[in-house]
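# Coordinate inspection notes
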Amino acid sequence: MTTSDPSTASNNAYDVVIIGGGPVGLLLAYQLTRFGVSVCVLEQHKKETQDAYGRAIALFPRTLELLDQLGVIEPMLQLGFACRSSVTYKDGERVIPGRVWTFMENIKDTAYDCTLVLRQMYTEAILREKLESVGAVYYQGMECVDLEHDINAPSDGHPINSTFKNTTTQETFQLKSKYLIGADGGRSFVRRHAKIPFCGDTSEDKWIRIDGIVETDMPITRAYGAIESKTHGNVLWAPLDHGATRIGYAYSNEIAAKYPDGVTEEVAVQEAIESMKPFKVNFKEVHWWTLYTIGQRIAKTFSTDGDRIFLCGDAAHTHSSGAAQGLNTGIHDAVNLAWKLALRVRGLARPEVLSTYTVERTSAVQKLIDYDKDIAMLMSCKWPIWYTGDKNADHHSVLGEIFEKAASFNTGLGISYAANVLNQSFETTDSPCCSLVPGSRPPDVELSMPGTHRSVRLQSITPNRAIFWVLLFAGSHDASINCSPRQLKKYLEDTAPGLTSHKAVRWLTIISGSGCSPYEALGTSPIWDAYFDPKNAAHDKFGVDMSRGAAVVLRPDGLVGAAGEVHGEWILQYFSKLFTL
């Protein structure tokens, strides 16, 4: 990983230049480098002095799965606090059943049945180490001051010219790239320079977040907590890494009136203590605190200049920390874009594949924006505009109902995308051969390794390497059914031999039951590898018709791309829309 002066570097042309070295920019650079793309990421600040404990803290199950499939999760698990429980207090009494954070409990069909709480400083440090491990080019203290798109450049050239200023020496230098990504935060230079409207509102509501080592007489402390206060809104109690805790509360006009000279650390501590009453709280250490204004904004588009310039993370959308979705959403942006861009840079994917980034992510983020407006209002003990119920009702109760309804969205496991070139249905009968919906996340299932019968998770054998995975589900008596992996193999050998050796496609056969070898179970060698489904749990959870079998295409990010019978025609049709075969 390079951190010296880029103006002296011999190379000034890259496939992709990334502006912004926060967690989203770092993750983008790490992925693209692993996927065979040349990348340069530039950060305006000197991270050794700019980093702080605070900011984003919660990584939800789907985010953890995505990080796992990219090979970055283990050091995070070593440092983070895995939270599987929640608690709600009102007037010093525990509310049962709890409200707001109860979606963290009893999470199913994933190895990550928890929320990993890890402060952003540690997350960024881990990602910088990962970036260094793949030899990516990374600079700090470099501010982007100009962008130009040369529309006359050849299609395989480097049409994006970006100018940077060294914040220490004030010297400028230029980089050329095929694509450019703005991951440079809510005040994004890239978004403003590209004249992309940032639509939304900023409210009058302000919140304080404060982290540190605390002592309290509150009975349950190492659970995600909601303290329902009459004066400070729905107070957040979040157990953090390294034994620390975050307290978050609404800083209302009434509270602000007590402090005409403004907010200091002492004020933040004092009001945190007030927000927790009747429980007693004592701060032994203060690590970080902030006061910020609540608002929700989304870029009108996440790409421009013919899909040459992209926005990710806070550069594309900002919202409150009420549902703790900010970093999670940015990571989902980064994962969604990286494999699509890598396949395009490598000349494997058609332009339509890359264009789905904006379509998919704007739809998901708009849902979050709409949801965040409601919870931000309710957490500040105000009613959303749409609310026509009893204005004397309990804000906290309504807030809990909204969180409960959005549980699958909060965990990320229920996030899905509409039909597009990547998400296609090929079911031809009223009786589908499996129950999976294109664009949705399939459940993680356990399979067994041939020979040893060692248990392995599906997601561990289908990592994100910018590769599509074709899962062939063999039925109980596969050799006798009409649509079999054996017949598919012959069809592909005769009709599309290149598909079985394509750089962006891998094949897995999942065999019902157990056996001594995949060859004997199938009556032929599998196209690639095979795994057994000894208890048919995978067949059951995927809703596979055992008499017919099924074929399922997984996108590189693990979502279902398509599903249908074990026929080569539709599989070939699907990939023909994505690649030039």
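What counts, and at which threshold
- Position labels on residues start from 1 in each chain and follow its written sequence.
- Since the coordinates come from a predicted model, pLDDT governs what is reported: local features require at least 70, and pairs of side-chain atoms require 80 or more to be given and counted, while whole-chain, interface and lining totals use all residues.
- Calculated side-chain values reflect all of the structure's heavy atoms, with hydrogen atoms and water omitted.
- The helix count covers DSSP runs of H or I at least four residues long, the strand count covers runs of E at least two residues long, and both are numbered beginning at the N terminus.
- Radius of gyration means the value over C-alpha atoms here, while the globule rule gives 2.2 Å times the residue count to the 0.38 power.
- Here the term buried applies to any residue with accessible area under 20% of the maximum for its type, exposed to any over 50%, and partly exposed to those in between, with areas from a 1.4 Å probe on protein chains only.
- Here the term cavity refers to a set of points on a 1 Å grid, laid over the protein atoms alone, in which a 1.4 Å probe fits but cannot get out; the term pocket refers to an open set having protein on both sides within 12 Å along at least five of seven lines, with lining residues being those that place an atom within 4 Å of a point.
- Grid points are joined across faces, edges and corners, and a volume is the space filled by probe spheres set on the points.
- In this classification, Asp, Glu, Lys and Arg are treated as charged, Ala, Val, Leu, Ile, Met, Phe, Trp, Tyr, Cys and Pro as nonpolar, and every other residue, Gly included, as polar.
- Contact criterion: two residues are considered in contact whenever any of their non-hydrogen atoms come within 4.5 Å of each other.
- One bridge is not enough; two strands pair if DSSP finds at least two bridges between them.
- The axes are straight lines fitted to the C-alpha atoms, using for helices just the contacting stretch, and the angles between their N-to-C directions are given from 0 to 180°.
- Oblique is the label for every angle not falling under 35 degrees (roughly parallel), over 145 degrees (roughly antiparallel), or within 65 to 115 degrees (roughly perpendicular).
- Each crossing gets its handedness from the near helix: less than a right angle anticlockwise from the far helix is left-handed, clockwise is right-handed.
- In protein, a polar contact requires one atom able to donate a hydrogen and another able to accept it; more generally it is a pair of N or O atoms within 3.5 Å, and residues adjacent in sequence count only if both atoms are side-chain atoms.
- Should a side-chain nitrogen of Lys or Arg be within 4 Å of a carboxyl oxygen of Asp or Glu, the pair is scored as a salt bridge.
- In a helix, the anticipated span is given by 1.5 Å times the number of residues less one.

## Section: the overall build of the protein
- When its secondary structure is counted, the protein shows 17 helices and 27 strands.
- Whereas a compact globule of 581 residues would reach a radius of gyration of roughly 25 Å, the protein reaches 25 Å, a difference of no more than 12%.
- Projecting the C-alpha coordinates of the protein onto the three principal axes gives extents of approximately 80 × 60 × 45 Å.
- In the protein, which comprises 581 residues, the proportion classed as buried is 57%.

## Observations concerning empty space enclosed by the protein
- Scanning the entire structure with this criterion turns up 5 cavities of 30 Å³ or more.
- Here the largest cavity defines a volume of roughly 100 Å³.
- If you trace the largest cavity, you find it lined by Arg62, Leu66, His332, Val335, Asn336, Gly412, Ile415, Tyr417, Asp557 and Leu559.
- For the lining of the largest cavity, the secondary structure elements donating two or more residues are helix H3 (61–69) and helix H9 (326–345).
- Here the element with the most residues in the lining of the largest cavity is H9; it accounts for 3 residues.
- Residue classes in the lining of the largest cavity are distributed as 5 nonpolar, 3 polar and 2 charged.

## Concerning the environment of Leu59
- Inspection of the secondary structure assignment puts Leu59 in strand S3 (residues 58–59).
- Along the sequence, Leu59 and Ile415 sit 356 residues apart, while their C-alpha atoms lie 15 Å from each other.
- Excluding residues within four positions of it along the chain, Leu59 makes contact with Leu64, Leu67, Met76, Cys114, Thr115, Leu116, Leu327, Asn328 and Ile331.

## As for the layout of surface pockets
- In this structure, the second largest pocket occupies an estimated 230 Å³ of space.
- Elements with a minimum of two residues in the lining of the second largest pocket: strand S12 (198–216), strand S16 (281–299) and helix H10 (351–379).
- Partitioned by chemical class, the residues of the lining of the second largest pocket number 6 nonpolar, 4 polar and 4 charged.

## Comments concerning the sheet that holds strand S4 (residues 81–83)
- The 3 strands are arranged S3-S7-S4 in an open sheet whose pairing can be described as antiparallel. Either end of the sheet is taken by a strand with one partner, and the two such strands are S3 and S4.
- The pairing of S4 with strand S7 (residues 115–117) spans 3 bridges and is classified as antiparallel. Counted as the bridge partner of Ala82 is Leu116 from S7.

## Considering the packing of H3 against H9
- Where H3 meets H9, the closest approach of the two axes is 10 Å, and the angle between their N-to-C directions is 40°. Judged on the interaxial angle alone, H9 and H3 are oblique. The handedness of the crossing between H3 and H9 comes out as left-handed. In this structure, H3 contributes Arg62, Thr63, Leu66 and Leu67 to the contact, and H9 contributes Asn328, Ile331, His332 and Val335.
- Each residue belonging to the contact of H3 with H9 can be placed in one class, and the counts come to 4 nonpolar, 3 polar and 1 charged.

## Looking at helix H11 (residues 395–405)
- Every buried residue belonging to H11 is among His395, His396, Val398, Leu399, Gly400, Ile402 and Phe403, and all of these are buried.
- On the buried face of H11, the contacting elements are strand S5 (86–90), strand S13 (224–228), strand S14 (234–239), H10 and helix H12 (407–411).
- A distance of 2.9 Å separates the backbone nitrogen of His396 from a side-chain oxygen at the start of H11, and that oxygen is part of Asp394.

## Section: the sheet that holds strand S19 (residues 317–318)
- A sheet is described by the order of its strands in space; here 8 strands give the open sequence S6-S5-S13-S14-S15-S12-S16-S19, paired in mixed fashion. Two strands bound the open sheet, and with one partner strand each, they are strand S6 (93–94) and S19.
- Where S5 and S13 come together, 5 bridges link them in parallel fashion. Following the sheet pairing, Tyr89 is matched in S13 by Ile227.
- Running over the sheet, H10 touches S12, S14, strand S15 (245–250), S16 and S19 and is turned about 125° from S16.

## Concerning the side chain of Thr462
- Along the chain, Thr462 turns up in the loop between helix H13 (458–461) and strand S23 (468–474).
- Within the structure, the side chain of Thr462 is placed 2.9 Å from the backbone oxygen of Leu458, a separation counted as a polar contact.
- Dropping the residues within four chain positions of it, Thr462 is found in contact with Gln69, Trp469, Leu508 and Leu554.

## Considering the side chain of Thr356
- On the secondary structure map, Thr356 appears in helix H10.
- A residue is classified by how much of its surface remains accessible, and Thr356, at 5% relative accessible area, is buried.
- A distance of 2.6 Å separates the side chain of Thr356 from the backbone oxygen of Val353, its partner in a polar contact.

## Quick look at the pattern of salt bridges
- Following the criterion strictly, the structure yields 28 salt bridges and no others.
- The closest approach of N and O atoms between Lys340 and Glu360, which form a salt bridge, is 2.9 Å. Here Lys340 is found in helix H9, whereas its partner Glu360 is found in helix H10, with 20 residues between them in sequence.
- With a closest N to O distance of 3.4 Å, Asp545 and Arg548 form a salt bridge.
- You can call Arg548 buried: its relative accessible area is 18%.
- One network of salt bridges, in which partners are shared, links Lys90, Arg99, Glu228 and Asp394.

## Looking at the packing of H10 against H11
- Taken N-terminus to C-terminus, the directions of H10 and H11 make an angle of 155°; their axes are 9 Å apart at the nearest point. With respect to H11, the axis of H10 lies roughly antiparallel. Every pair of crossing elements has a handedness; the one defined by H10 and H11 is left-handed. For the pair H10 and H11, the contacting residues are Tyr371, Asp374, Ile375, Leu378 and Met379 in the first and His395, Val398, Leu399, Ile402 and Phe403 in the second.

## Focus on the environment of Thr301
- As for its position among the elements, Thr301 is in the loop between S16 and strand S17 (303–304).
- Given the relative accessible area of 23%, Thr301 is considered partly exposed.
- Considered as a pair, Thr301 and Arg346 are 45 residues apart in the sequence and their alpha carbons are 24 Å apart.
- The contacts of Thr301, once residues within four sequence positions are left out, are Ile196, Leu311 and Thr358.
- A distance of 2.9 Å separates a polar atom in the side chain of Thr301 from the backbone oxygen of Ser303.

## Observations concerning helix H1 (residues 23–34)
- With 12 residues, H1 should cover 16 Å at 1.5 Å per step; its first-to-last C-alpha distance of 16 Å lies within 8% of that length.
- Most of H1 is tucked away, with 11 of its 12 residues classed as buried.
- Restricting attention to buried positions, one finds in H1 the residues Pro23, Val24, Gly25, Leu26, Leu27, Leu28, Ala29, Tyr30, Gln31, Leu32 and Thr33.
- Immediately beyond the C-terminal end of H1, within one or two residues, lies Gly36, with a positive phi of roughly 90°.

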